[in-house]
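# Examining the three-dimensional arrangement
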Amino acid sequence: MNEVLNNIYTRRSIRKFITEKEVSKELIDEVVKAGTYAPTGKNMQTFRFFVMRNADSILKLQDVVAKGMENPAYTFYGPNAIVIVACDKDAVNGVEDGSCALENMQLAAHSLGLGSCWINQLKYCGDKPEVAAYLDGLGLPANRRVVGILALGYADQEGTCHPRLDDLVTYLD
């Protein structure tokens, strides 16, 4: 089978990572580089990537998001690194551009033997005052929109292959 199609068909979201097995900066750099090669509307490249590798920092952000979501049990699944993908709130195609970048990074991670999971919750609570203040303190731009977070690490379990629905495609010839 074609290598690209095989990678697309076999990638799964990973929700449990091996916390003791560190992901090298070189692998993270490759994954993020793949994100920078995502297509963007009018080639504006509106996305920005913020990488966090420190376990304590990741847990602190997880706590902030849990409070923002009013869900104390909320988790990032124990990744070794996360990539926050954001854009300017005024970027017309920013969410779409960031979404393409997240998908590119998921496919790159899978091809490099890493697990990943796209996490959306910061998108929903990122404008709450306490969450926004924390993101400001991290150095994210003030006029930001978080598109999503990519959790990265070595998989500690297999992802689930969910069946595809039958009615997803209609030909309009």
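The next thing to look at is the nonpolar core. With 23 residues, the main nonpolar core has Leu61, Phe76, Ile82, Leu122 and Ile149 as its most contacted residues. Only helix H3 (55–68), strand E2 (81–88), strand E3 (115–119), helix H5 (121–125), helix H6 (129–138) and strand E4 (144–153) provide two or more residues apiece to this core. Among the elements that line this core, the one with the most residues is H3, at five residues. The contacts of Ile82, once residues within four sequence positions are left out, are Phe50, Val51, Met52, Ile58, Leu61, Phe76, Ile149, Leu150 and Ala151. In this structure, Val23, Phe49, Val83 and Ala101 belong to the second largest nonpolar core, which totals 21 residues.

In this section: unusual backbone geometry. Phi angles above zero are rare outside glycine, and Lys42 is one such case at about 55°. Counting through the fold element by element, Lys42 comes out in the loop between helix H2 (25–36) and strand E1 (48–52). Taking relative accessible area as the criterion, Lys42 reaches 77% and is therefore assigned exposed. At Glu70, a residue that is not glycine, the phi angle is positive and equals roughly 55°.

Bringing the pairing of E4 into the picture now. Along E4, nine of the 10 residues are buried, which leaves the element largely enclosed by surrounding structure. In this sheet, E4 lies alongside E2 in antiparallel orientation, the contact comprising eight bridges. Considered in E4, the bridge of Cys87 is made with Arg145. The pairing of E3 with E4 spans five bridges and is antiparallel. Among the inter-strand pairings, Trp118 is bridged to a residue of E4, identified as Leu150.

Definitions and cut-offs
Residues numbered from 1 in each chain as written. Predicted model: local features only at pLDDT ≥ 70, side-chain atom pairs only at ≥ 80, totals over all residues. Heavy atoms only, no water. Core = buried A, V, L, I, M, F, W, Y, C linked by side-chain atoms within 4.5 Å. Buried < 20%, exposed > 50% of the residue type's maximum accessible area, 1.4 Å probe, protein only. Helix = DSSP H or I, 4+ residues; strand = E, 2+ residues; numbered from the N terminus. Contact = heavy atoms within 4.5 Å. Pairing = 2+ DSSP bridges.

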